[in-house]
Amino acid sequence: MLDPASAARIAPRDAVRSVRALEVALTTGRRLSEWQAAHGFRDAPYDALVIGLDRPADELATRIEARARAMMAAGLLDEVRALGAWVPTDAPAFRAVGYREMLACATGELDVEAALAAMVRATRRFAKRQRTWFRAEAAVVWRHPELDRTRIVTEAAAFLSGGARPDAAPA
């Protein structure tokens, strides 16, 4: 086994991370786990202000659906059909949210409305996973992108000019 520590950490069915660990070991002669241990990924050499743009779930859902419909109107299905003509349909790109659902439509597995509904659902799930991930980051200051626009600019300017940290509580 090339990298027992990575093998123990990576889920057995996670082909992407398993292949990456093998690539690193074979191309560098050093285990991925060694690279990661040496770096630590815990260093915070810079003081950063991280502002997360936050919308209420219902507002976000409405925007996701509108964006998906706009992408369809702009030719997403035609783009996927054209790509499918020269890119293998099992290529990683077709696993992306939106492309996966439109490929199912292009191949006749779903009709347009079902594909659009699946794309909206998948995008909402992805957004929820992102929100969950970033909520665990204590340093993120959450703000509404429009309602708190002035506050964001003021807080960013204060941080950049003197390191002042904003109150993490939303407005």
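Residues numbered from 1 in each chain as written. Predicted model: local features only at pLDDT ≥ 70, side-chain atom pairs only at ≥ 80, totals over all residues. Heavy atoms only, no water.

Caption draft 1: Quick look at the pattern of salt bridges. Throughout the structure, instances matching the rule amount to 14 salt bridges. A salt bridge links Asp47 to Arg165, with the shortest nitrogen-to-oxygen separation between them at 2.5 Å. You can see Asp47 sitting in the loop between helix 3 (32-39) and strand 1 (50-53) and its partner Arg165 sitting in the segment after helix 8 (149-162), a full 118 residues away along the chain. Across the pair Glu113 and Arg69 runs a salt bridge, and its minimum N-O distance is 3.9 Å. Highlighted residues: Glu113 in helix 7 (residues 112-135) and Arg69 in helix 4 (residues 57-73), separated in sequence by 44 residues. Judged by relative accessible area, which is 48%, Glu113 ranks as partly exposed. Its relative accessible area of 40% is what places Arg69 among the partly exposed residues. Through salt bridges that share partners, Asp54, Arg131 and Arg135 make up one connected network. (Salt bridge = Lys/Arg side-chain N within 4 Å of Asp/Glu carboxyl O. Helix = DSSP H or I, 4+ residues; strand = E, 2+ residues; numbered from the N terminus. Buried < 20%, exposed > 50% of the residue type's maximum accessible area, 1.4 Å probe, protein only.)

Caption draft 2: Local environment of the confidence of the model for the protein chain. Confidence in the prediction of the protein chain, expressed as mean pLDDT, is 92, and 96% of residues score 70 or more. When mean pLDDT is compared element by element in the protein chain, helix 4 scores highest at 97, while helix 3 scores lowest at 86. (pLDDT = per-residue confidence, 0-100.)

Caption draft 3: Local environment of the side chain of Asp54. With respect to the helices and strands, Asp54 occurs in the loop between strand 1 and helix 4. Here Arg135 takes part through its side chain, which lies 2.8 Å from a polar atom of the side chain of Asp54. Not counting residues within four places of it along the chain, the set of residues in contact with Asp54 comprises Arg131, Arg135, Trp142, Arg143, His144 and Pro145. (Polar contact = N/O pair within 3.5 Å; in protein donor to acceptor, adjacent residues only side chain to side chain. Contact = heavy atoms within 4.5 Å.)

Caption draft 4: Spotlight on the packing of aromatic side chains. Tallying each qualifying case throughout the model produces 1 aromatic pair. The cationic tip of Arg30 hangs over the ring face of Trp35; the distance from NZ or CZ to the ring centre is 4.3 Å. Its end group placed over the ring of Trp142, Arg135 keeps NZ or CZ at 4.2 Å from the ring centre. (Phe/Tyr/Trp six-rings, centres within 6.5 Å; stacked < 30°, edge-to-face > 60°. Lys NZ or Arg CZ within 6 Å of the ring centre and 35° of its normal.)

Caption draft 5: Looking closely at the pairing of strand 2 (residues 140-143). Side chains Val140 and Trp142 of strand 2 all project onto a buried face; the interleaved residues Val141 and Arg143 project onto the opposite face, where all are buried too. The sheet contact formed by strand 1 and strand 2 spans 4 bridges and is parallel. Following the sheet pairing, Ile51 is matched in strand 2 by Val141. (Pairing = 2+ DSSP bridges.)

Caption draft 6: How the structure looks around a nonpolar patch on the surface. Together, Leu2, Leu22 and Leu26 give the surface a local cluster of nonpolar side chains, amounting to about 290 Å² of exposed area. Looking at the element boundaries, Leu22 is found in helix 2 (residues 15-28). (Patch = residues over 30% accessible without salt bridge, like charges linked within 9 Å, V, L, I, M, F, W, Y side chains within 5 Å. Areas by Shrake-Rupley, 256 points an atom, 1.4 Å probe, with all protein chains shown as cover.)

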